[in-house]
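# Structural features, examined
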Amino acid sequence: VQPDPHADYKVIVDVVHGSDHHDHVLGSLQRLARVVNLLGYAKVPPEHVHIVAVIEGEATYAALSNAEFRKLFKMDNPNLPILHALKQSGVELLICGQAMAEHGLVDSDVGPDITVSLSALSDFVVYGHRGYSYMQL
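These numbers were taken from a predicted model, which means no experiment stands behind them.

## Structural notes on the sheet that holds strand β3 (residues 92–96)
Read from one edge to the other, the open sheet built from five strands follows the order β4-β3-β2-β1-β5, with strand pairing classed as parallel. Both edges of this open sheet fall to β4 (115–117) and β5 (133–136), since each of them pairs with a single strand only. Strand-to-strand, the axes of this sheet are offset by a mean angle of 30°, without reference to chain direction. Bridging between strand β1 (residues 9–15) and strand β2 (residues 49–55) involves seven bridges; their strand directions are parallel. Directly across from I12, in β2, lies its bridge partner V52. Against the sheet, helix α1 (residues 27–41) contacts β1, β2 and β5, and its axis sits at roughly 175° relative to β2.

Given below as structure tokens:
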């Protein structure tokens, strides 16, 4: 099965799986980058790729700024470079506001490439209504 370079691809990705290894980039974010790269390899033009990634659940900490990540884990956030690269490649990065509240986080605690949304649950409904396919990583 090969992607059609003439088709539009609209995907909302649920980045929900975290890791106990806070010194490594989340596998979910690496797989998301692989999706972006594979569509590019298949010659799907960037204007035909519409990906929204919603960071929630166990993955919430991956979206923290270096300052906040250091407070919790005594190291820089290793996820920020890949998040920045995803944003530069056109991926819209959202973090669930409800997950943030559950973890005692505020909007200013997240990295600069991430937008706080009301809730992952409502994000999936809204983007599903807009014709986005759901993918969980």
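## Regarding the packing of α1 against helix α3 (residues 80–88)
The N-to-C vectors of α1 and α3 enclose an angle of 25°; their axes lie 10 Å apart at closest approach. Overall, the two elements α1 and α3 adopt an arrangement that is roughly parallel. For the pair α1 and α3, the crossing hand works out as left-handed. Mapping the contact onto sequence places L29, Q30, L32, A33 and V36 in α1 and I82, L83 and L86 in α3. The residue makeup of the contact of α1 with α3, split by class, is seven nonpolar, one polar and no charged.

Procedures and definitions
- Residues numbered from 1 in each chain as written.
- Predicted model: local features only at pLDDT ≥ 70, side-chain atom pairs only at ≥ 80, totals over all residues.
- Heavy atoms only, no water.
- Pairing = 2+ DSSP bridges.
- Helix = DSSP H or I, 4+ residues; strand = E, 2+ residues; numbered from the N terminus.
- Axes fitted to C-alpha atoms, helices over the stretch in contact; angles between N-to-C directions.
- Contact = heavy atoms within 4.5 Å.
- Parallel < 35°, antiparallel > 145°, perpendicular 65-115°, else oblique.
- Left-handed = near helix turned anticlockwise from the far one by under 90°.
- Nonpolar A, V, L, I, M, F, W, Y, C, P; charged D, E, K, R; others polar.

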